[in-house]
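Remarks on the overall topology
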Amino acid sequence: MAEQDNRAVLISETRQRFETEYIPAKSDAYDSRDVERLQQDDSWVDNYLIWQHDSVDETLKMIDESFQWRKEYAVHDLTESSLPKWLFEVGALYLHGYDKEGHKIFWFRVKLHTKDAKTQHEKKKLVAFWLERYARREHGKPLTVVFDMAETGLSNMDLDFVRYIIGCFKVYYPNYLSKIVIFELPWIMNAAFKIVKSWLGPDAVGFLKTVNKNDIQEYISAEYLLPHMGGTDTFKYRYPPLVDDDFQTPLCENGPITSEDETESKEEIDVDNKENPDSNEEQGSSSKKTNLTDQIPKPEESDKVDSKAKNAKKALTTFKGLLLHISPAEELHFGSKETGEKKCLIVLTNVTKNTVAFKVRTTAPDKYRVKPSNSSCEPGTSLDIVVSLHGGCTASLQDRFLIMAAEMDQCSGTGTQELAQFWKEVQRNKVMEHRLRCHVIESSKPSTLTINENACNVPAKTSEDLYFQLTQVLHSNKRLQEQIDRCVWLQQLTTVLVLLLVANACFYVLFSQGR
């Protein structure tokens, strides 16, 4: 509690000082939307403070620089249509997949980048477009940046552009960087990336991971690595459309239940409906008419359902959107193979005066069953969505769910065909979107001796360990470079000696013929 109070004081001081010390003199240099957000968004201010180790003076300087950059690049107004089409077609920068910690991956395919002063500003805008797009959707969740340097040469190396990308995370999007993974750094560019390391600063040096095909899976699993990285991801960049989170409709959307898991899920819902006669059977789920203040099920109601669904009903947090309140707010908790928790509950509450249509999508449609995944929620009511793992599948940190919602006209029907037609016609800017990630609850005890042995053999790596290993790699590269330089020098010396011997032999032959 004391920690929360202390942070609240720091946030308040930062806001007051920025308003009195910076805004009067530089109001024209800032976008009014950023100033307004600074006064309302505690987490945004807190991210700046965390990045500057709670130094208010340094935080204010950082916010000032960040706000000026945001206005210069018109970040709020950057859209797909405002940027040249060829920037997206090149495919050098995009968001796709997740690392092993569940962080979204920001890819920079360096071999597709060409240094060109004439187009540099537009390329920097593209970076801003992707980062701002991600920041608005994910609200502070860290990113992993991958520099894919396979098949790159000196013509692709652009230190100014690399410095800009790093600067975006250091100043403009604080606390958003999880790590920077550099894949197959050519030895000839070692010296250049030592400079990059210095840009990160001593506090951020642990973010830098230099990898190759043999060890990149320490950070990113094979399913999100391209084949040339030793992975199995069949993703191929194409534009249009704009690359997004690859959300797809789950299998058996509102259709017949065929798997054992889904049958079990239906039985649980049917039991719940029988014991709660006020539930709305027309929705095909346990839709309950409640007051807006009664969003979270009561303990006695939770006791009536199966123990697997009981934990899911205890939603600790709620995302309060304009159309729907969604519980849980951020994470769906599934169990590992040992814990066996295979079901979660998402509770939607309609806070509007009209019917709200919704649909649920996931990045892993083969693994999950969602009931209902495409339906509607009446005004002032709550509706339960059951998410269950299919068969022997297990959840992973990389899995994501997307809930899309839009307000319907009073005269609109809510049947299957009407909903399908509604989603075809609804305008994109009227659709509310909210993303949920998966959290895997591990067993407290290892299930086998093999797991125990692996746990002993692979100690947790601290940032100091990573820094030490990185230093060792740099020293090894330096020694390798010195050896190569000596080999080249010896080769050149040998060539000169051979040429001298050939010249001496020719001179001897000519001298002999002259006599």
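Residues numbered from 1 in each chain as written. Predicted model: local features only at pLDDT ≥ 70, side-chain atom pairs only at ≥ 80, totals over all residues. Heavy atoms only, no water.

In the annotation of an unreviewed UniProt entry, the protein is listed under the name Motile sperm domain-containing protein 2 and assigned to Gekko japonicus.

Turning to the overall build of the protein, a few remarks are in order. When its secondary structure is counted, the protein shows 15 helices and 16 strands. In the protein, 75% of the contacts between residues at least 6 apart in sequence involve partners at least 24 apart. (Helix = DSSP H or I, 4+ residues; strand = E, 2+ residues; numbered from the N terminus. Contact = heavy atoms within 4.5 Å.)

Glancing now at the packing of helix α3 (residues 32-40) against helix α5 (residues 56-72). Relative to each other, α3 and α5 sit at 140°, their axes nearing to 9 Å. One element, α3, and the other, α5, form an angle in the oblique class. Here Asp34, Val35, Arg37 and Leu38 of α3 come into contact with α5, specifically with Ile63, Phe67 and Arg70. Taken together, the residues of the contact of α3 with α5 break down into 4 nonpolar, no polar and 3 charged. (Axes fitted to C-alpha atoms, helices over the stretch in contact; angles between N-to-C directions. Parallel < 35°, antiparallel > 145°, perpendicular 65-115°, else oblique. Nonpolar A, V, L, I, M, F, W, Y, C, P; charged D, E, K, R; others polar.)

A sheet is described by the order of its strands in space; here 5 strands give the open sequence β9-β16-β15-β11-β13, paired in mixed fashion. Both edges of this open sheet fall to β9 (331-335) and β13 (374-377), since each of them pairs with a single strand only. The mean inter-strand angle of the sheet, taken between neighbouring strand axes irrespective of direction, is 25°. The sheet contact formed by strand β11 (residues 356-362) and strand β15 (residues 400-407) spans 7 bridges and is antiparallel. Counterpart to Phe358 in the pairing with β15 is Ala405. (Pairing = 2+ DSSP bridges.)

The subject of this paragraph is α3. Every α-helix carries 3.6 residues per turn, so stepping three or four residues along brings you back to the same face. Turning to α3, its buried residues are Asp34, Val35 and Leu38. In an axial view of α3, the angular spread of the buried residues amounts to 100°, which keeps them on one side of the axis. Exposed residues on α3 whose side chains face more than 90 degrees from its buried face are Ser32 and Gln40. Structurally, α3 contributes buried residues whose contacts are with α1 (2-21), α2 (23-26), α4 (42-51) and α5. Between a side-chain oxygen at the N-terminus of α3 and the backbone nitrogen of Arg33 the separation is 2.8 Å; the capping residue is Asp31. (Buried < 20%, exposed > 50% of the residue type's maximum accessible area, 1.4 Å probe, protein only. Arc of directions from axis to C-beta. Polar contact = N/O pair within 3.5 Å; in protein donor to acceptor, adjacent residues only side chain to side chain.)

Our focus in this paragraph is the packing of aromatic side chains. For the coordinates displayed, the defined rule picks out 24 aromatic pairs. Judged by centre distance (6.4 Å) and plane angle (75°), the ring pair of Tyr134 and Tyr176 falls under edge-to-face. Residue Tyr134 is located in helix α7 (residues 120-138), and its partner Tyr176 is located in the loop between α8 (159-172) and β4 (177-183); the two are separated by 42 residues in the primary sequence. Overall, the relative accessible area of 5% leaves Tyr176 in the buried class. Grouping aromatic residues by their ring pairs yields a cluster made of Trp69, Tyr73, Tyr134, Tyr164, Tyr172, Tyr173 and Tyr176. The ring of Trp44 carries Arg37 above its face, with NZ or CZ at 3.9 Å from the centroid. (Phe/Tyr/Trp six-rings, centres within 6.5 Å; stacked < 30°, edge-to-face > 60°. Lys NZ or Arg CZ within 6 Å of the ring centre and 35° of its normal.)

Let us look at the sheet that holds β4. Strand order in this open sheet of 5 strands is β1-β2-β3-β4-β5, and the pairing throughout is mixed. Each edge of the open sheet carries a strand with a single partner, namely β1 (93-98) and β5 (208-211). If you compare each strand with its neighbour and ignore which way they point, the axes differ by 25° on average. Across 4 bridges, the pairing between β4 and β5 is parallel. Across the sheet, residue Ile182 finds its bridge partner in β5, namely Thr210. Where α7 meets the sheet, it contacts β1, β2 (104-109) and β3 (143-148), and its direction lies at approximately 30° from that of β1.

What follows deals with the pattern of salt bridges. Opposite charge on two side chains lets them pair, provided their charged atoms get close. What the rule picks out here adds up to 24 salt bridges. The shortest N-O distance in the salt bridge between Asp54 and Arg7 comes to 2.7 Å. Here the residue Asp54 occupies a position in the loop between α4 and α5, and Arg7 occupies one in helix α1, the gap between them amounting to 47 residues. For Asp54, a relative accessible area of 30% puts it in the partly exposed group. Residues Arg17 and Glu13 are paired through a salt bridge, measuring 3.8 Å at the closest nitrogen-oxygen approach. (Salt bridge = Lys/Arg side-chain N within 4 Å of Asp/Glu carboxyl O.)

Below, the discussion takes up the environment of Trp130. With respect to the helices, strands and loops of the structure, Trp130 is situated in helix α7. Relative accessible area serves as the criterion here: at 1%, Trp130 is assigned to the buried category. Not counting residues within four places of it along the chain, the set of residues in contact with Trp130 comprises Phe88, Leu93, Tyr94, Leu95, Phe106, Leu242 and Val243. A polar contact is formed between the side chain of Trp130 and the backbone oxygen of Leu93, at a distance of 3.3 Å.

Of all 6 residues in β3, 6 are buried, a share of seventy percent or more. Where burial is concerned, the two faces of β3 agree: the one with Leu143, Val145 and Phe147 and the one with Thr144, Val146 and Asp148 are both buried. You can see the chain leave β2, run along α7 and come back into β3, and the turn it takes is right-handed. Summarising the sheet, β3 and β4 pair through 6 bridges and their orientation is parallel. Counterpart to Val145 in the pairing with β4 is Ile180. Once you follow β3 into α8 and on to β4, the crossover reads as right-handed. (Right-handed = clockwise from strand over helix to strand, strands pointing away.)

Counting buried positions over the 6 residues of β1 gives 6, a clear majority of the element. Where β1 lies against β2, 4 bridges are found, and the strand directions are antiparallel. Each residue of the ladder has a partner; that of Tyr98, found in β2, is Lys104.

The share of residues in the protein with pLDDT of 70 or more is 76%, and the mean pLDDT across the chain is 78. Per-element averaging of pLDDT across the protein places helix α14 (residues 449-457) at the bottom with 37 and α5 at the top with 95. Low pLDDT, under 50, characterises residues 252-315; the predicted model gives this stretch 91 contacts beyond four residues in sequence or across chains. (pLDDT = per-residue confidence, 0-100.)

Here Asn156 lies in the loop between β3 and α8. For Asn156, a relative accessible area of 10% corresponds to the buried category. One polar contact links the side chain of Asn156 to the main-chain carbonyl oxygen of His113, over a distance of 3.0 Å. Excluding its chain neighbours within four sequence positions, the residues that come into contact with Asn156 are Val110, Lys111, His113 and Glu151.

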